[in-house]
Amino acid sequence: MILETVERPAAPAQPEAKRPFDKNVDLVFEGGGVKGIAMVGALAALEEQGYRHQNLAGTSAGSMVATLLAAGYNASELRDLIAAQDFSALLDPNWVGRIPLIGAPINVVADQGVYKGEILLNNMRKWLAAKGVRTFGDLRYTPPEGYPEEDDDRYRYKVQVIASDLTDRSFLVLPRDAHRLGIEPDDLEVALAVRMSISIPIFFEPVRFRNPKTGRTHIIVDGGVLSTYPIWLFDADGIPAWPTFGLQLLDDDVPPTAPKRRPRVGSRIMSRLGRLEGVDFLADLFFTMKDAHDRRYMEEHTIARTIPIPTLGVSMTDFHLGYERAMALYESGRKAAEEFLSTWDFDAYIAECRMASPRANATRPVDLRFTQAVQSRARLIQEARLAG
């Protein structure tokens, strides 16, 4: 698949001491199911250090965080939503799915998913409505003062949601690709776009969206099928006006001091599904793609702006994790972001990663602390990749 891009114009060069958009940042959130709680902790650290989000994007659970942030929630409010949420209540099988042993496999065959996802959709509608948001028309982006307006679909809305269209076998960036579904971008419901993005194959039923212009039904699933970590989404040629930070969830082992837990309902269901001919292959195929697809080709400039967040052995479908475990994920995200920001240097990033010939173009000494931090993150990401 070839994706056509229109490069964003770079802001005029500014002296280091007079950067007009200091602390502005674009954010891209990786998918990861319930592990996405950790990204809220990272947001808290960013907010505490004065960073102001501009353009946002997310896949799967990352799309939930990104859209709520775009709607006006801050990290503290998102933490309160997490604290009040019984994640197991989001699992909503139909009456067939409640039949012991055979219900879940029947749902997979009949509906391509164990759970309907309607409770999650309705929760998103409620949370967005509390901030006065229903459609993407409510989330038009206004550039910061002093930055020129841009006639570019990538920056027309505060948030972009990643989904995968199985019918057209294509990558969807919503709302800007909404016309491919027969609907105007302004009119697309935000909560529905998020529900599309979180349709983890086999776990949640896919979204079936009927194109009102053609009558064709599109089957839409989790954006992670094609790109779980689209950190490139807001990139431009030249020197950017502000950086893009990516929040990436790393698989790791449960700490030795953590008590062993009996398998939860979600994992038991997936285990049962795995014994069905063909389903085990599909599940393994998807989760392998989701965890590794975008990490395989991570280059230095991507690693340099990635906040890698350990997820403490929590699986993406562990919807039965308790409050303490959820808050441990939150704190892991906060700590990871604090460590990242302690060595972040935008000018060093430009000199090291965005110049065609860094050593020839650099106007300042090499920042060894920044370089060493990037190398350390590269090792951490590589170790997580090998462990997974």
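Up top is the structure these notes are about.
Basis of the calculations
Throughout this document, residue positions are counted from 1 along each chain, in the order its sequence is written. Local features in a predicted model are, by the rule used here, given only for residues with pLDDT of at least 70; side-chain atom pairs are given and counted only at 80 or more, and totals for whole chains, interfaces and linings are based on all residues. To get the side-chain values, take all heavy atoms of the structure and skip hydrogens and water. Any Phe, Tyr or Trp ring, taking Trp's six-membered ring, that has another such ring centre within 6.5 Å forms a pair; planes under 30 degrees apart are called stacked, those over 60 apart edge-to-face, and the others tilted. Only DSSP runs of H or I covering at least 4 residues are called helices, and only runs of E covering at least 2 are called strands; the numbering of each starts at the N terminus. When accessible area is computed with a 1.4 Å probe and restricted to protein chains, residues below 20% of their type maximum are described as buried, those above 50% as exposed, and intermediate ones as partly exposed. Ring-over charges, as used throughout, are those where CZ of Arg or NZ of Lys falls within 6 Å of the ring centre and within 35 degrees of the ring normal. Here a strand pair is declared whenever DSSP counts at least two bridges between the two strands. For the handedness criterion, the strands are oriented away from the viewer, and a crossover whose path from the first strand over the helix to the second runs clockwise is classed as right-handed.

J.: Report on the packing of aromatic side chains, specifying residues and quantitative values.
T.: For the structure shown, the criterion picks out 12 aromatic pairs. Ring centres 6.1 Å apart and planes at 90° place the aromatic pair Phe-204 and Phe-319 in the edge-to-face group. Residue Phe-204 is located in strand β6 (residues 202–204), and its partner Phe-319 is located in the loop between β10 (306–310) and α10 (323–343); the two are separated by 115 residues in the primary sequence. On the accessibility criterion, Phe-204 (2% relative accessible area) is buried. Plain terms: the ring middles of Phe-245 and Phe-340 are 5.0 Å apart, the flat faces sit at 80° to each other, and that makes the pair edge-to-face. Of the two residues, Phe-245 is situated in strand β9 (residues 244–250) and Phe-340 in helix α10; the sequence distance between them amounts to 95 residues. Assigned by exposure class, Phe-245 and Phe-340 land together as buried. Sitting over the face of the ring of Tyr-73, Lys-131 holds its NZ or CZ atom 4.8 Å from the ring centroid.

J.: For unusual backbone geometry, give the residues involved together with the corresponding values.
T.: Note that the residue after Leu-174, namely Pro-175, is joined by a cis bond; omega there is 20°. Of note in this structure, Arg-169 is not a glycine but carries a positive phi near 50°. In this structure, Arg-169 sits in the loop between β4 (159–165) and β5 (170–174). For Leu-312, which is not glycine, the phi dihedral falls at a positive 60°. If you trace the backbone, Leu-312 turns up in the loop between β10 and α10.

J.: Explain the pairing of strand β2 (residues 52–59) to me, using residue names and the numbers behind them.
T.: Of all eight residues in β2, six are buried; the element is thus mostly enclosed. By the bridge criterion, five bridges tie strand β1 (residues 24–29) to β2 in an arrangement that is parallel. By the bridge assignment, Asn-24 is partnered in β2 with Arg-52. Handedness of the crossover joining β1 and β2 through helix α1 (residues 37–48): right-handed. Pairing of β2 with β4, which is carried by four bridges, proceeds in the parallel orientation. Its bridge partner being in β4, Thr-59 is matched across the sheet by Ile-162.

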